[in-house]
Amino acid sequence: PRAAQAPPPAAAAADPHAAAAAALELCASCHPAPVAGLTGTHHAGVDRSCARCHGDVAGHVKSVTETGDPGPIVSFKRLEPRAASAVCLECHDKGRQALWHSGVHHRRGVSCASCHSVHAFKSADAQLKTMREPETCYQCHGPIRARSLRSSHHPVREGLMSCSSCHDPHDGARPRMLKAESVTEQCLGCHTEKRGPFLWEHPPARENCLHCHDPHGSNHDRLLVAKQPYLCQRCHLNTRHPGTLYDLRNTLAGPAVSNRVVEHACRNCHQNVHGGNAPSGPYLGR
Amino acid sequence: EEPKSAAAEAAAAGQEPAAAAPQTPAEPPAAPGAESGGTLPPPFLLGRVEFSLQGVETDTRSSKFQEYRDLPTGPLPSLVRFAGRRRVLWDVSAEDALQDDARYRAAVDSRSHSLEASYLLIPHRFGHDARSLLEDTGRGVLSLSDTLQRSFQGAIEQQHARNRTGVNFAFLNDLVQPSLAAEDRFDLQLRRDQGRLTMDLWRDRPVALRLAYYHERRRGERGSGTAFGFGNVVETPEPVDYRTQDLSLSAEWAPSWGMLRGGIRLNLFANTIDAQVFDNPFRGADSTDPSAYQSPSASSINGPMSGRLALPPDNRSLTGSLGFVWKARAHTRVALDTSYGVWTQDEPFIPFTTNTAITAPVAATDAGALPARGLDGRIEVLTVSGVVSSRPVDRLTLTGRVRRHDLGNDTPRIRFPLGYVRFDAVWEDIPRISVPYGFTNDQATAAAAWDFGPLSAEVGWRLDRWQRTFRETEDTRQHTLFLSADSRVGGWGILRATFERGRRDFDHYDPEHAEHASFLEPGPPANLLSLRRYDQANKDLTRVTALAQVTPWETATVSLSYTQGKDDYDESLHGLLESNMRALSAEVDFSPVDRLSLSAFYTREDISSFQRGRQSGAALSTNPADDWTADVEDAFDSFGAGATVTARENLELSLRATFHRADGFNDLDSPPGGTPDVAVDVPTFDDTRLLVLAGEARY
């Protein structure tokens, strides 16, 4: 019935915006919520309006009116992931999405519509299906959510960082879908004081922060993958104190508390573990 | 606990209340835009101001609970947001305004151009109620009153003269405790103030530009160990006053055949405090002693009256990038990207020491005695990557990737032929030379996927090769074979599984070569020769992941996932020998009716590692009885549940609970007869509990 109110073809040709608006009105007559969901977004103004993504709207109206069958309309719920993404990429196939096809998300059957919603998004940014971005990622990456709950963590659960602070889920070119050229460069984006170069370098820190840190969370101090001094002793079993066994007796619960175990442990003395610039600091202690 | 996420909700503002789409045409409601006379885009206006009344209950004033956020109580302006559109979209919001974790954002966005500004505060609280004898007198100088310093030294000298063995921990503790107890308490914390400005131009045209500027100021204090040797280590507040600026310009040309893109980025880091100077509580006058490692103790009461620690030096990086994407036939896409960056650092060195008693072989407090004024450090980073993905026939997808990441450290090597100063206490006559480590990392991946209809499967191979300079190995290669399968069961189920099996091998392992690299006159090796460092050691690796996601009804989703990983350093005798992880997750989302949504999740993780060490004295031990092992098992349980009820159109109630438990156990062992002879387990190894209950009513 609303179709009767659509402007005639001549008017549409004269004013494509008016035609699109009228088309939206037409669709809203049966699908008010999805159309209303577009309102605050640029999707409300795309050429051909709903038909841009959903295909033959006129055929759909005709079919529904005459037979009650949806007809030739494109329903994303019924599309295979690749086909669904292909519709979105007709417009979004540039920038970060240009290498979507070679990324692991695409190859594992994730589509744009797995995470984003055009009509009923809940996030403030990026039109995600969940209110907060990490919740979208946790749908498949459950163990990462568990790690984010650990005592040592980045401020993701506090809402001050999100997965996309470091990862670009659309980019298929970089390892681990990072936004930077390497893990270390990604970390140095915020931890710029550790970039150096330094007079005295610590080679694992120069190569890969993940040797010692788990950025998704740890029950050990400073996101470390293991507790000091045992972490350091995986590589340093030198004469004297580096190779020494430290056990319960050397903790605050024991009779022989050692400053190589408590507080900053090894870093009590080797503070500049990421690299130091003091001439008297070859052991990163000044 | 809920970090005031209502801003997100507001994104959907302007929507009519959700209603089921009728299958047949019905009497239409007023369509959006109808009141605007049918022009697009339809205007809308959102105005939202939220005031909250917040109560917070914690068992202690915990710096961990408040680590990254403010938790004030009472009435709060949680969210202010106004957004709308006439000619352009605009959006202004403030979350937690005036608090330490406030977020401000303003954006205007036409289809073609956009401008976004944001200002974000991130607090980082390390600890509450600290006490220190040292007072920050500004610019990184932490000092103790000269009177107190001399008084402590005098008392120690008297005790040392009377009874040397009486200079021990108990004596020193009794000496400082009264003064320490009288000190005011302070919180150890810093805050990041981040401002960001991003401008996009001509997004809807073939050539688009982006200009971005980022500024961060980090100010505050964090804990640092300041040491005068084993016998005198004190945690002090390290002053932090950093400024980071980042300016970037990027452009993209997207013709029909592909894309050409490039950019340039300048990043500057400045630290206004070059060094931290900290007084030695036990010395009021400089002196030197070869056994200063243990001072003050029965063996020595000498040492410096202060120490100096170099703080992170100013540095900069300049990076340019260029790349293209070619969209060829047969669903083929070829991309080549390259970036080249230069990182530099030339902060003036601090002198060898603050200790005026060290006058030979050089005047060690004089910067002129250094072999160089600064490092003149320079690192060049070149990254080249290529990606090809193709679907030559309908069901076959091929993907190939190659990547070279080369970090060339061109920093000059600086020689210290006379040695250096150890802990500001004594000249160490050990000639040293700095080592500019560099590496080249090559990665390659080849994968082929076949679509069987409801099932697709992929097989592939991955290479990860590291070529290093100055290290134990020159060349390590890791080959990994991976398999994956994805299945969509009707419209209601997804099954995914991957399996990876890999092997890493090095060309040779030369620990002496690596250790000697920083000595001008290398002596016998000090690190255990049978140790294999785990970043280079030979290993087998296995990874398994599986995910099942079922949507039995549109209103319910159930997910199960399993992840397992194992690294077996099978040829290492000492160091890390094995690490394992296993995680099982379950998650349910259910909305039985429109006004109620329920969710719950549980994750169980088991992470373990096994390492072997050997204790040595002044010379490396060759006795297997001196070995010790650490078998660490961490078990984690994470639960979460939440419910949201929309009681009336404008009243929403939500409840949420999360519980996280970490149980660690360090099983230490040592064979009898050696040193150590006995090892005592650590049964509570970084055990933690975190329970959060949060309730929210929104009207």
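(A) Seen up close, the packing of aromatic side chains. Residue and element names in this part refer to chain B. Tallied over the full model, the rule gives 15 aromatic pairs over all chains. Considering the side-chain rings of Tyr-104 and Tyr-119, the 6.3 Å spacing of their centres and the 25° angle between planes classify their relative orientation as stacked. On the criterion of sequence distance, the pair formed by Tyr-104 in strand β4 (residues 103-109) and Tyr-119 in strand β5 (residues 114-130) is long-range, its members being 15 residues apart. Residue Tyr-119 is classed as partly exposed on the basis of its relative accessible area, which comes to 36%.

(B) Just the environment of A:His167, in detail. Residue and element names in this part refer to chain A. With respect to the helices and strands, the residue His-167 is situated in the loop between α10 (142-148) and α11 (183-188). Judged by relative accessible area, which is 25%, His-167 ranks as partly exposed. Separated by 30 residues in the primary sequence, His-167 and Pro-197 have C-alpha atoms spaced 25 Å apart. Setting aside anything within four residues of it in sequence, one finds His-167 in contact with Arg-176, Met-177, Leu-178, Lys-179 and His-216. For His-167, the side chain forms a polar contact with the main-chain oxygen of Arg-176, separated by 2.9 Å.

(C) Representation of the sheet that holds strand β7 (residues 141-143) of chain B in the model. Residues and elements named next belong to chain B. Read across the open sheet, the 4 strands follow the order β6-β7-β12-β13; overall the sheet is mixed. Two strands lie at the open edges of the sheet, namely β6 (135-136) and β13 (306-310), each paired on one side alone. In this sheet, β13 lies alongside strand β12 (residues 275-279) in antiparallel orientation, the contact comprising 5 bridges. Its bridge partner lying in β13, Val-277 is registered against Arg-308.

(D) Local environment of the state of the cysteines. Residues and elements named next belong to chain A. One pass over the structure, following the stated rule, counts 0 disulfides over all chains. The thiol of Cys-27 is unpaired, and the distance to the nearest cysteine sulfur, on Cys-50, comes to 3.5 Å. Residue Cys-212 stays outside any disulfide, its sulfur separated by 7.3 Å from that of Cys-232, the closest cysteine.

(E) Main features of the pattern of salt bridges. Following the criterion strictly, the structure yields 71 salt bridges over all chains and no others. With its nearest N and O atoms 3.8 Å apart, the salt bridge here joins A:Asp171 to A:Arg174. Of the charged contacts in the structure, one is a salt bridge between B:Asp637 and B:Arg604, with a shortest N-O distance of 3.1 Å. With B:Asp637 in strand β30 (residues 627-648) and B:Arg604 in strand β29 (residues 596-614), the pair connects residues that are 33 residues apart, well separated along the chain. We classify B:Asp637 as buried; its relative accessible area is 4%. Salt bridges linked by common partners bring A:Glu207, B:Arg468, B:Arg471, B:Glu472, B:Arg533 and B:Asp535 together as one network.

(F) Focus on the pairing of β5(B). All names here are of chain B. Taken together, the 7 bridges between β4 and β5 define a ladder with antiparallel strand orientation. Looking across to β5, one finds that Arg-103 is bridged to Leu-120. Joining the antiparallel neighbours β4 and β5 is a turn of 4 residues. Where β5 and strand β8 (residues 186-201) come together, 14 bridges link them in antiparallel fashion. If you follow Glu-116 over to β8, its bridge partner there is Thr-198.

(G) Representation of helix α3 (residues 169-181) of chain B within the structure. Residue and element names in this part refer to chain B. For α3, with 13 residues, the first-to-last C-alpha span of 17 Å sits near the 18 Å given by 1.5 Å per residue. Of all bends in α3, the biggest is about 30°, found at Leu-175, and the proline Pro-178 comes one to four residues later. Looking at α3, one finds that the buried residues are Phe-171, Leu-172, Leu-175, Val-176 and Ser-179. As for α3, its buried residues are in contact with α2 (146-162). For α3, the N-terminal capping position is held by Asn-168, with its side-chain oxygen 3.3 Å away from the main-chain nitrogen of Ala-170.

(H) Structural view of the environment of B:Trp466. Residue placement: B:Trp466 occurs in strand β23 (residues 455-468). B:Trp466 sits in the buried class, given a relative accessible area of 13%. A C-alpha to C-alpha distance of 38 Å links B:Trp466 and B:Asp424, two positions 42 residues apart in sequence. Ignoring sequence-local partners within four residues, the contact set of B:Trp466 consists of A:Glu207, B:Phe439, B:Thr440, B:Asn441, B:Glu474, B:Asp475 and B:Thr476. Among the polar contacts made by the side chain of B:Trp466, one reaches the side chain of B:Asp464 at a distance of 3.3 Å.

(I) Expanded view of the packing of α2(B) against α3(B). Residue and element names in this part refer to chain B. One can describe the packing of α2 onto α3 by two numbers: an axis separation of 11 Å at closest approach and a directional angle of 155°. One element, α2, and the other, α3, form an angle in the roughly antiparallel class. Considering how the two elements wind past one another, α2 and α3 form a crossing that is right-handed. Contacts between α2 and α3 involve Leu-148, Phe-152, Ala-155, Ile-156 and Gln-159 from the first element and Phe-171, Leu-172, Leu-175, Val-176 and Ser-179 from the second. For the contact of α2 with α3, the per-class residue count stands at 8 nonpolar, 2 polar and no charged.

Procedures and definitions
Residues numbered from 1 in each chain as written. Chains lettered and ligands numbered in written order. Predicted model: local features only at pLDDT ≥ 70, side-chain atom pairs only at ≥ 80, totals over all residues. Heavy atoms only, no water. Phe/Tyr/Trp six-rings, centres within 6.5 Å; stacked < 30°, edge-to-face > 60°. Helix = DSSP H or I, 4+ residues; strand = E, 2+ residues; numbered from the N terminus. Buried < 20%, exposed > 50% of the residue type's maximum accessible area, 1.4 Å probe, protein only. Contact = heavy atoms within 4.5 Å. Polar contact = N/O pair within 3.5 Å; in protein donor to acceptor, adjacent residues only side chain to side chain. Pairing = 2+ DSSP bridges. Disulfide = S-S within 2.5 Å. Salt bridge = Lys/Arg side-chain N within 4 Å of Asp/Glu carboxyl O. Expected span 1.5 Å × (residues − 1). Bend = angle between axes of the 7 residues up to and from the residue. Axes fitted to C-alpha atoms, helices over the stretch in contact; angles between N-to-C directions. Parallel < 35°, antiparallel > 145°, perpendicular 65-115°, else oblique. Left-handed = near helix turned anticlockwise from the far one by under 90°. Nonpolar A, V, L, I, M, F, W, Y, C, P; charged D, E, K, R; others polar.

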